[in-house]
Amino acid sequence: MQRAMFLGKTLTLLVVALVAYQFYRGFRKSVRTFEQEGAGIERLPDEFVRALFGCMGHLSKSDGRVSEDEIRAARMIMHRLGLSPAMVRRAIGWFDDGKRAGFPLVQTVREVRRVSGRSASKRILFLRLLLEVVLAKDALKREERALIWSICSELDIGRVEVAELEAMIRAQ
């Protein structure tokens, strides 16, 4: 009887270890893909960058206030994009434009979709960079989440992909 229990526990442990290993491999592959997409962000068209920082400003201001964490995250993205000092000034201007009332969010996101064409990876990159700024602070407010969903629907990005991106960004 004890031998049967020992054998059962051993088999259960092996199955759990195998499932956990498969999960780890899948997650590791997702993270690797996520990092590889980030490596190529230096070659983006100006229209993409303009839309990115405009939407970033709009999302950051949607809860009524742009936090220091959001500004710091936006500056880090400017650095990762390798923007020249002149482009940094332009990006700050686009960010400020996005903070103003009446910013055309839907039209701007549609421009991103037009510029990125059929490239799903560029649309996901756009969303990922926006999420990095919005998630820089502790909590995501309802208004911000609603704006993110509207951006995702315009970019044809599903809720599962958004949840995966959010989990990966929060895990970093």
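This text follows the structure it describes.
Residues numbered from 1 in each chain as written. Predicted model: local features only at pLDDT ≥ 70, side-chain atom pairs only at ≥ 80, totals over all residues. Heavy atoms only, no water.

### Focus on the packing of aromatic side chains
- A full pass over the atoms with the stated rule returns one aromatic pair.
- Here the aromatic rings of Phe48 and Phe126 are separated by 5.5 Å at their centres, their planes lie at 80 degrees, and the arrangement is edge-to-face. One end of the pair, Phe48, is in helix α2 (residues 46–61); the other, Phe126, is in helix α6 (residues 120–134), and 78 residues separate them in sequence.
- Judged by relative accessible area, which is 0%, Phe48 ranks as buried. (Phe/Tyr/Trp six-rings, centres within 6.5 Å; stacked < 30°, edge-to-face > 60°. Helix = DSSP H or I, 4+ residues; strand = E, 2+ residues; numbered from the N terminus. Buried < 20%, exposed > 50% of the residue type's maximum accessible area, 1.4 Å probe, protein only.)

### Examining the nonpolar core
- Ranked by internal contacts, the top residues of the largest apolar core, which has 45 residues, are Leu52, Phe53, Met56, Phe126 and Ile148.
- For this core, the secondary structure elements donating two or more residues are α2, α3 (68–81), α4 (85–99), α5 (105–116), α6, α7 (142–155) and α8 (159–171).
- The leading source of residues in this core is α6, at nine residues.
- Not counting the four nearest positions on each side in its chain, Met56 is found in contact with Ala74, Ile77, Phe95, Leu129, Leu130 and Val133. (Core = buried A, V, L, I, M, F, W, Y, C linked by side-chain atoms within 4.5 Å. Contact = heavy atoms within 4.5 Å.)

### Considering the packing of α2 against α6
- Taken N-terminus to C-terminus, the directions of α2 and α6 make an angle of 35 degrees; their axes are 10 Å apart at the nearest point. As for how α2 packs across α6, the hand of that crossing is right-handed. On the side of α2, the interface is formed by Phe48, Ala51, Leu52, Cys55, Met56, Leu59 and Ser60, while α6 contributes Lys122, Phe126, Leu129, Leu130, Val133 and Val134. (Axes fitted to C-alpha atoms, helices over the stretch in contact; angles between N-to-C directions. Left-handed = near helix turned anticlockwise from the far one by under 90°.)

### Concerning the packing of α7 against α8
- Closest axis-to-axis distance for the α7/α8 pair is 10 Å, and the angle between their directions is 125 degrees. One element, α7, and the other, α8, form an angle in the oblique class. For the pair α7 and α8, the sense of crossing is right-handed. In this structure, α7 uses Arg145, Ile148, Trp149 and Cys152 to contact α8, whose residues at the interface are Arg159, Val162 and Glu166. (Parallel < 35°, antiparallel > 145°, perpendicular 65-115°, else oblique.)

### Here's the deal with α2
- Taking 1.5 Å of rise per residue, 16 residues should cover 22 Å, and α2 covers 23 Å from first to last C-alpha, within 8% of that figure.
- Along α2, twelve of the 16 residues are buried, which leaves the element largely enclosed by surrounding structure.
- Among all positions of α2, only Phe48, Val49, Ala51, Leu52, Phe53, Gly54, Cys55, Met56, Gly57, His58, Leu59 and Ser60 are buried. (Expected span 1.5 Å × (residues − 1).)

### Points about unusual backbone geometry
- A positive phi angle is found at Asp156, which is not glycine, with a value near 60 degrees.
- Secondary-structure assignment places Asp156 in the loop between α7 and α8.
- A relative accessible area of 55% places Asp156 in the exposed class.

### Digging into the environment of Ala120
- Within the secondary structure layout, Ala120 lies in helix α6.
- When its relative accessible area of 38% is taken as the criterion, Ala120 is described as partly exposed.
- Between the C-alpha atom of Ala120 and that of Asp156, which follows or precedes it by 36 residues, the distance is 8.8 Å.

### A closer look at the environment of Asp69
- Tracing the backbone shows Asp69 in helix α3.
- Residue Asp69 is classed as partly exposed on the basis of its relative accessible area, which comes to 31%.
- Considering only alpha carbons, one finds Asp69 and Leu135, 66 residues apart in sequence, at a separation of 9.0 Å.
- Not counting residues within four places of it along the chain, the set of residues in contact with Asp69 comprises Ala136 and Lys137.

### Describing α7
- Along its 14 residues, α7 runs 20 Å from first to last C-alpha, staying within 8% of the 20 Å computed at 1.5 Å per residue.
- Burial in α7 covers these residues: Glu144, Leu147, Ile148, Ile151, Cys152 and Leu155. Down the axis of α7, the buried side of the element spans an arc of 140 degrees, and every buried residue falls inside it. In α7, the exposed positions that point more than 90 degrees away from the buried face belong to Arg142 and Ser153.
- For α7, the elements touching its buried residues are α2, α3, α5, α6 and α8.
- Asp156 sits one or two positions beyond α7 and adopts a positive phi of about 60 degrees. (Arc of directions from axis to C-beta.)

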